[in-house]
Every structure is written in structure tokens, then in C-alpha cells.
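# Examination of the molecular architecture
Listed here are the chains, written in short residue letters.
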Amino acid sequence: MSKKKISPQIVILLFSGLLFGFFLLLPMVTILAKSVYGSDGVTFEFYANLFAGGNIFQAFLNSVLISAASGIITTVLAFIPAYAVNYTNIHKRLKKIIAALVMLPMLLPTITYGFAIIYSLGKQGIITKILGRQIVDIYGTAGLIIGYVIYTLPISFMLINNTMGYIDKKFMIVSRIMGDSTLKTFVNTVITPLISTLAVSFIQSFTLSFTDYGIPAALAGNINLLSTRLYNEMLGSLPDFNTGSAVSILMLLPSVLSILLISCLNRYNIRYNKISVIELTKNRVRDWICGILSGIIILLVLSMFTVIFLVPFVEQYPYKMQLTVSHVTEIFTDHTLMNVYRNSLIVAFLTALLGSLLVYACALVSARRGEHRHYGKIPDTVSLITNTIPGMVLGVAYLLTFRGTFLQNTFAVLILCNIVHYFSSPYLMMKSSLEKLNASWETTARLMGDSWLKTVVRIITPNAIATLLEVFSYFFVNAMVTVSAVIFLASTKTMIITAKIKELQHFANFNEIFVLSILILSTNLAVKGLIRLFAAIRMKKGK
Amino acid sequence: MNLKRTLSATLCAAMAFTACAALTGCGGEASEQVIIYSNADDEAVESMKKTLDANGYKGKYVFQSFGTSELGGKMLAEGTDIEADVITMSSYYIESAQAEYSMFEDLTFTVDTTDSYPTYYAPFLANQGAILVNTDVLAESGLTAPTSVKDLANPEYAGYLSVVDIQGSSTAWLMIQSLISEYGEDGTKDILTEIYTNAGAHIEQSGSGPIKKVRAGEVAIGFGLRHQAIADKEEGLPVDFVDPAEGNFTLTESLAVVDKGESTNPIAMEMVQCIIENGRENLMTYYPVPLYEGENADSNAVSANAKTFPEPLTVELLEKHRNLSESCK
């Protein structure tokens, strides 16, 4: 009955398969090979070296426990503002402000986080000075958890908030009419449909913390961590790519567990035929509590970043507090800077455009019901793997893999690296929102004679446009702020702004670092604003 | 309408991919300019640029700065495929890349150094180690400044000290060299163990860690690079330095030309020669350690107690010292 025709889903799968084959699998195989292949052929000596001290077990355990604790705290904290935005009668404008402020730290390069915390909560920190004493010892577990939570909260919020938007809240009324208790209603109509997203949020937050190097570099104290070990092996005083590769393979272990966990939780996914707009029950107490809690969370997080806006505008924080703009003018008179900034914009824009297309295509195959759905496991797995590869490893792997090829020192390699590096969160977000859309659309459309592609363009895309725009801005923003992987791939002609930040960090030049961070922040805000505007215009047209 | 939408989406995708391809194309084009990768501080880079410009090389080169670890990673991963024609980097790093890839050309001019160096690089500056102090924090906590590296092991400094971990950065090597040459390996073990206990949470992986913590007032005392403390002091920060009784040890940074066979840029070697022959005087205003015959140190700027480690500073020696340091943690 059906003609032998290559379906668009297959094309997508083949294309993305090729892409990930070349730009994820190949580099990772290179790393794997490095870890077992020395100058005398195949050997396990690098793993043996690694395990010899016993330190590595302690490091692994520390990394897992601290990242897991951060993952749980982050997910719980992110739930509160997401709930406030989606399930309360707080004023619409206030909701928008809450969402924007929770996400704000994402627009800054993570390189600044450690320093921001030291200058806020450290011995001479702003918060310490205001309170008159140091409230927490920031070097060690507490500091790491604070850093990780601040780092991953926006992403966790983004994931939860996105899924909540696609939950049909009418079921809350149904549940209440059925005589369920408040708690039962909450569990059945809010938590249950969110289970898999909450797990994803935990996993994302866990792996981001597990693989991050910047925060431990500033705050780990004498806690032994896997990521610090990785950095020292790969890029320390005596670089050893072989042992470093062995560490990075070890770091992939948690992703195996997360793949299992996610596939277990997938059956909890609920689809709604439509998302009804309902009047949420009036509950002033609930609104106030959620609003105030969200406010406190935002305040705590943002208070860490006040230094970024203070330091560059005084002469020498905290010793010479006279206001000055000399640090700002110093940066902007650097004539190479504008070039570097333009390069960053090119890379970020193309990463966002191509990344969104790829994510959307992959999510369409894996999230929408159809004959190819079982192949959706492929992008699922890819997303979990990309998530657990530390940027530094990805960067070094690309260096080793693409040295001497036409890709070396091009914008293309930077863009591809960014897309692979940041594939995970937007893909999971896209997928979970597509999953929430009515599953029968394709069937109905096919019965009416529309092709799959036509259905995607006519029906699915307009319904997913909000998430699609989120995905675009996620890629853009991250490409703007990322340091870890691309730092190795940028060349004289493709140098980007965060590489400049890294260079300044090397010389502990924080005034300039913060000026550049503010420049990146404003760029990201501008782009987000444009996207909002675009969405608003579209909405109006749609009506 | 829908057709339009489909069309525009397709067009968008097509345009993006073309753009990507175009970028690949233009990125690969060869350049006549000499590309210099450097991990050196701003002052050193500016000084080298000035020398090159004054000698007719203006516009014929591009400097690209990197952090030490990033440049190290690039060198060891890319070998001769590296974009750069000239590299300026810590000398022992250049040696280790040479051992791995034989990636540098022998110098074609004579290098008149006071110590002997391999034939494929020329040192252009030396960094000196020193004890850094935050005078405000010292006064607040009623501590007296240490006078030697050994003093850093005194229990009174516990919680007030920040040092570099030799695993993370070779800046730590300057401290370990001073201990070993004065107290031998066994003596060093005892002292270093105490120092690590005192530093506790402030054992830094980055070479600039201690100066950051001293400057921020997180600790009172650190071990780092002498010229960093001088710069902070000149800016009016409550930062000062102490030349330790064991002496100030040095690590050199060097220039080397990447061997790209046929396509090696001939001007690269000329530029290296130019920097070494004409640029040292200017460089010595920031990094006042004499390296070449006939150079005299300004007694105000350089420590009177500069010392060099009795053995050559090779990668093997660094590895040995790293293992010693690890056994003290």
C-alpha cells in the first residue's frame, strides 16, 4: 500500500547520525584510544596508574556525593519559582519578572562564579561585611554546593518551567471534585506528570556539577574531586593526555546510570489532548508563600553577582572604592576586541540557528508517535552522553581528532563543538514539550492526506514555537558564555570573547573580566529581548 | 501561507549551512603574517610587540595570547599542526613538546646566554618566586611576616597561607626548588607537609591563585611570582613581597619556532632573533633577571638573593618534585 519512499524521519536520523558520528563518537573514540594506547601499544597502565593511589576512589565518591546533593537542592529550589509562575495567581507581570530573574545568571560566563562567591561570602566579601561576620566557610563542601546550585538553578528552572507550561491544569479541578485531599491533588496532578522532568533536572544539574572545573578551582579547598584531577592530568604542570583520557572515561560512568534512570521514568510521561486555560483556585496564602519564597531564592542568588557590577566601576575593590570608568574605557579602546566580539556573535548566532534545527528535528523523531519512534533512543542516548562530557575533554578530543584537517582553526569547528556540547538541555526541553502535545495530530493529518512534513510545519511547529524560541536563545546564550571547550579550538582568526576572558583570568585581571562579562550579559539580554519581541509580534499576527 | 512558511524554513536552513561552509572555506586560507602564540603577561607581549614594530615588522605578525594550560594543551595535542609559527612558553613545556613531536626548529643564530639551553629555544624572560603578603591582614591578625619559605611551616600561619599545588601549575616549583636546594629532599618533605597543613583549603591549582587570595584578603600570606606583588604594590594595594632567605628561584619563558617543513615561514626565525637581540632591555624593566652575557640587573628591581637550582630544570626533574610534593599531602 505505501510506496517505498524514504521518509523525512529517516533522513533526519541519518543526518543526525552522521553528524554525531563525526563530531561526538569519533572524538570520544579518540579519547578512549588515548586511554588504552600508549607508546608501546595497547596497555592498561594508565588506568593502573590512576587507581594506584586510591585517591581516585575518594575523588569519585566526593564528586558523586557533592554533585548529587547539589542536584537535589537545585531541583527543589527550582521547583518553587516554577510553581509560582505556573500554579499561582501572582500578577502576570510579576511572574515574568520571577522567570527572567531566575534565569539571569545563565547569561553570565561561569568563569566569574567562583570569584563572585569569594568576593561576596569570603573574609572581605560584601555580604560578610554587611552582616559583620562570615556566615559560611566557603572552601569545601558548602562552597561547592553553593556554587553548583547557583550554576545549575537556571537550567533546572528552565526545564521544570517548560514542562509545567504543557501540563493540563484542568485535572486539578477534576481531582478536587473527586474529593482528593490537597496533598493528593498536588501529587497526582503536579508531581506525577513532572516526575520525568524532575529526574531530568536532577541529572542535568548533577552532571553539570560533576564535570565543572571552574567552581572547584576557586572553592574546592582541600576536597579531592574528579574534575580537578582531570584538569591536572590533562592541563596541569605535567600534562598527560593518556591518564587524562582515562579520567574522562571514568567520568562517563554516571551517564550510564542516568540513561537507565531516564528510560525507567519514561513510562510516567503523560500526554494531554489539549492544554486548557483554567482559572486557578483563589488561594492568597499559597500565592504569598510561593511569591516570597521565590523572591528569597532570587535575592540569594543575585546577591552573589552584585560584585560583578561593583568591582569594575571602582578603582581597586575592596581597597580603593572611588568610582571610576577607567577599567571600562581600557577595555573598549582595545582595538582587537571588537573583532573578537563580532566573531562571538557569528559563532553564537550560527550555533543557535543550526543547533535549534538539529534539536527540533531530533526531538520530532523521538517524541512524536510514529513508526520510527523506537529510533528516538538514539538522540536520547546522545543527549545524555554529550551532557557528561566535560567541555575540556570535548575540546581536547576535537584538537586530537581534527588536527591537520580542513576543519582546524575554522568557525565551523567552533559551531559544531558548541552544538554537540550544548545539545542535551535544549533537546530534553524540546522533547518534553513535544511529548505533551496531542499525539493524534499526525494520525488525523495523515488521514486527511497531509504528509508528515506538512503536519510538522502546519500544526506542530506553531504549537511548539515558544519552546523553539527558548531553545534558540539557550544555544545563543551558551555559545556566548562558554569557555571550556572552544578555548582550545579558537584560532587567531576565530578568537572569541570568552577566550579573551580566560586569558585575563590567567593574569587575575578581574576588572576587565567583569566589564566583558557585563558586555556579554547585555548582548544576551538584547538577543532575548529581540526574541520576545518576535514572539509577541507573531502572537498578534496569529490572532 | 503554509507554502511560504515551508519555503522560508528551508531557505533558512540552506542559508545557514552555506554560511557554515563558507566559513570553513575562508578559515583555511593561508596567511603571510607570522602567528605568535604566547602565554606571557600583557607587559611582556606589549614589550615584544614594541621591539618588533621598531624593527620593521609592524603588521607582519599577529600575537595570540592564551593561558598556560590552554596553550600547553594545544601544543601537546596539535604538534606541528598548530596554527602558530612562533611560540612563547615556559621553557620546560617547550622541551616536553619537543620530546613528543620534535616540533621546533633549531635556532639559526647564536644565543649568548649565561646558562646553557637546548638549541631550539631562546629564553626571553625569567619569572622569580617570592613570598607575597597582605599587609592589612597581617596587621589585623597580629602576625609577623615570614622571612623564609621554611617559616611558612610555622603553625601560627595555619589558615592564613595560600600556596600553589605543583600538580596544577609550575609556579609551585619555585617554592619547592628553594626548599630542596636548602634542606635536601628529606628536609623538604617535613617542611612541605607542614606548609600544606597550614594552607589547608588554600592549596591552589592555578599559579595566580595565591596572589588572588592575598589581594582579596582571604589569606595574609602566599607564595607566587615576585613581579605580580610588585605590580599590586605599585597600584597602591596593601600587598607586599618578601624575598625568602632560601633565595628567589627562577623559571624561564622561551621563544621557539615551529618546524612546519616546507611551509615554515622564514620571517619567523628573524623575528625571534630580533626579540632576543633588541628586546631584552625593555623586557628587563618588568622582568629584571639577567639571562644573557653582559646584562646587569637593576639592584632595586631584582632580588639580591637570586638563585638557580643546581640541576637543569627538565620535565623529569619536575616529575620527581611533583611526586615528592604528592607524598607530603
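Details of the structure are given in the entry above.
Everything quoted here is computed from the prediction, not taken from an experiment.

Residues and elements named next belong to chain B. Relative to the helices and strands, threonine 171 resides in helix H6 (residues 171-199). Here threonine 171 falls in the buried class, since its relative accessible area comes to 11%. Once residues lying within four places of it in the same chain are set aside, the contact partners of threonine 171 are Val164, Gly207, Phe223, Gly224 and Leu225.

Residue and element names in this part refer to chain A. Buried residues dominate helix H12 (residues 241-251), accounting for eleven of its eleven residues. Listing the buried residues of H12 in full gives Phe241, Asn242, Thr243, Gly244, Ser245, Ala246, Val247, Ser248, Ile249, Leu250 and Met251. Looking at where H12 begins, the residue whose side-chain oxygen comes 3.1 Å from the main-chain nitrogen of asparagine 242 is aspartate 240.

So, on to the interface of chain B and chain A. By a widely used convention, the size of an interface equals the accessible area lost when the partners come together. Each side of the interface is counted separately: chain B has 71 residues, and chain A has 60 residues. When chain B packs against chain A, the two sides together hide about 5700 Å² of surface, and 57% of this comes from carbon and sulfur. Viewed at the interface, chain A and chain B are joined by one salt bridge. Counting every contact that joins chain B to chain A gives 15 residue pairs in polar contact (both at pLDDT 80 or more). Put simply, the parts of the chain that give the side of chain B that touches chain A at least two residues each are helix H1 (2-27), strand S1 (34-38), strand S2 (61-65), helix H3 (68-78), helix H4 (91-101), helix H5 (135-140), helix H7 (209-216) and helix H10 (315-326) of chain B. Here the side of chain B that touches chain A takes twelve residues from H1 of chain B, the largest share from any one element.

A few words now on the packing of helix H21 (residues 424-436) of chain A against helix H23 (residues 452-481) of chain A. All names here are of chain A. Here H21 crosses H23 at 165°, and the two axes come no closer than 10 Å. Here H21 lies roughly antiparallel to H23, going by the angle between them. As for the relative orientation of H21 and H23, their crossing is right-handed in sense. Along its contact with H21, which presents Ser425, Pro426, Met429, Met430, Ser433 and Leu434, the element H23 presents Ile460, Ala464, Thr467, Leu468, Glu470, Val471, Tyr474 and Phe475.

Reading the values: the criteria
- Residues numbered from 1 in each chain as written.
- Chains lettered and ligands numbered in written order.
- Predicted model: local features only at pLDDT ≥ 70, side-chain atom pairs only at ≥ 80, totals over all residues.
- Heavy atoms only, no water.
- Helix = DSSP H or I, 4+ residues; strand = E, 2+ residues; numbered from the N terminus.
- Buried < 20%, exposed > 50% of the residue type's maximum accessible area, 1.4 Å probe, protein only.
- Contact = heavy atoms within 4.5 Å.
- Polar contact = N/O pair within 3.5 Å; in protein donor to acceptor, adjacent residues only side chain to side chain.
- Buried area = accessible area lost by both parts, 1.4 Å probe.
- Salt bridge = Lys/Arg side-chain N within 4 Å of Asp/Glu carboxyl O.
- Axes fitted to C-alpha atoms, helices over the stretch in contact; angles between N-to-C directions.
- Parallel < 35°, antiparallel > 145°, perpendicular 65-115°, else oblique.
- Left-handed = near helix turned anticlockwise from the far one by under 90°.

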